Amino acid sequence: MKRGLTVFGGGLLVTLVTIVFLYEDRVVFGVLTLIGSCMLLMIPLRKVFEAGRPGKILPAGFLISLLIFILTKDINSHRIGLSMLHRICPLIPDLFLAVPNSLYRNLATAYIGFPPASFYSTDYFSLMPWFFLYLCGYFTGSAARLKGWLENSVFQIDIPPLSWIGRHSLIIYLLHQVVLYLILIVIPGLM
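Please read all numbers here as calculations on a predicted model, not as lab measurements.

The rules behind each value
Residues numbered from 1 in each chain as written. Predicted model: local features only at pLDDT ≥ 70, side-chain atom pairs only at ≥ 80, totals over all residues. Heavy atoms only, no water. Helix = DSSP H or I, 4+ residues; strand = E, 2+ residues; numbered from the N terminus. Contact = heavy atoms within 4.5 Å. Buried < 20%, exposed > 50% of the residue type's maximum accessible area, 1.4 Å probe, protein only. Salt bridge = Lys/Arg side-chain N within 4 Å of Asp/Glu carboxyl O. Expected span 1.5 Å × (residues − 1). Arc of directions from axis to C-beta.

Caption draft 1: Summary view of the environment of L71. Mapped onto the secondary structure, L71 falls in helix α3 (residues 54-72). A C-alpha to C-alpha distance of 4.5 Å links L71 and G81, two positions 10 residues apart in sequence. The residues contacting L71, other than those within four sequence positions of it, are R79, I80, G81 and L82.

Written as structure tokens, this is what we have:
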């Protein structure tokens, strides 16, 4: 919960800073908000997934999550169906259903995956479809843990500079935004 709230808070901080200082390039429901939300949603869901038989749940959970991700990939654009697969392979028919416009109302619906026409964000990752891709990673990681693959010595290697970066990745991610902004916008403007 602490990690999920911290990452979600990082997402809120990015939103607040971009709305105040970079309104034209604001970030609303960006990747940090999504990851924090997914981490928090997994708290109750993990108990449900672990209550079953892991060997049976993991492959089915992965396949179901992947299928739902594929079907909802274009939900932000008012479509559910096979459009994503059609773009990858035009031989697959572009079968889809239109999602009713009445679902696309406000910021709350945008957070879920139904952004209204007036919604704008330079970095937008709604719960649908991305939570289902997150679940694919959860089920893959759980299967690897169950098989004992994560105890492999390659996962135990400690390279101090890289380990330090890994332990401080959120603050590095947040600071890199500021550094890049200074390099690309502010410094050239001063010259």
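Caption draft 2: Molecular detail of the environment of T109. Looking at where T109 falls in the secondary structure, it is placed in helix α5 (residues 107-112). Take T109: its relative accessible area is 15%, and that puts it in the buried class. A sequence separation of 42 residues divides T109 from E151, and the C-alpha atoms of the two residues are 41 Å apart.

Caption draft 3: Representation of the pattern of salt bridges within the structure. Here the structure, examined in full by the defined rule, presents 2 salt bridges. We note a salt bridge from D74 to R87, for which the minimum N-O separation is 3.0 Å. Of the two residues, D74 is situated in the loop between α3 and β1 (79-81) and R87 in helix α4 (residues 83-88); the sequence distance between them amounts to 13 residues. Here D74 falls in the buried class, since its relative accessible area comes to 12%. The salt bridge involving D94 is made with R79; its shortest N-O contact spans 2.9 Å. With D94 in the loop between α4 and β2 (96-98) and R79 in strand β1, this pair connects stretches of sequence that are 15 residues apart. Residue R79 is classed as partly exposed on the basis of its relative accessible area, which comes to 23%.

Caption draft 4: Region of interest: helix α1 (residues 2-21). Taking 1.5 Å as the rise per residue, α1 with 20 residues should run 28 Å; its terminal C-alpha atoms sit 28 Å apart, in good agreement. Those residues of α1 that fall on the buried side of the exposure criterion are G4, V7, G10, G11, V14, T15 and T18. What you see down the axis of α1 is that its buried residues fit within an arc of 135°, all on one side. Seen from the buried face of α1, the exposed residues on the opposite side, beyond 90 degrees, are K2, L16, V20 and F21. Buried positions along α1 lie against α2 (31-51) and α8 (169-190).

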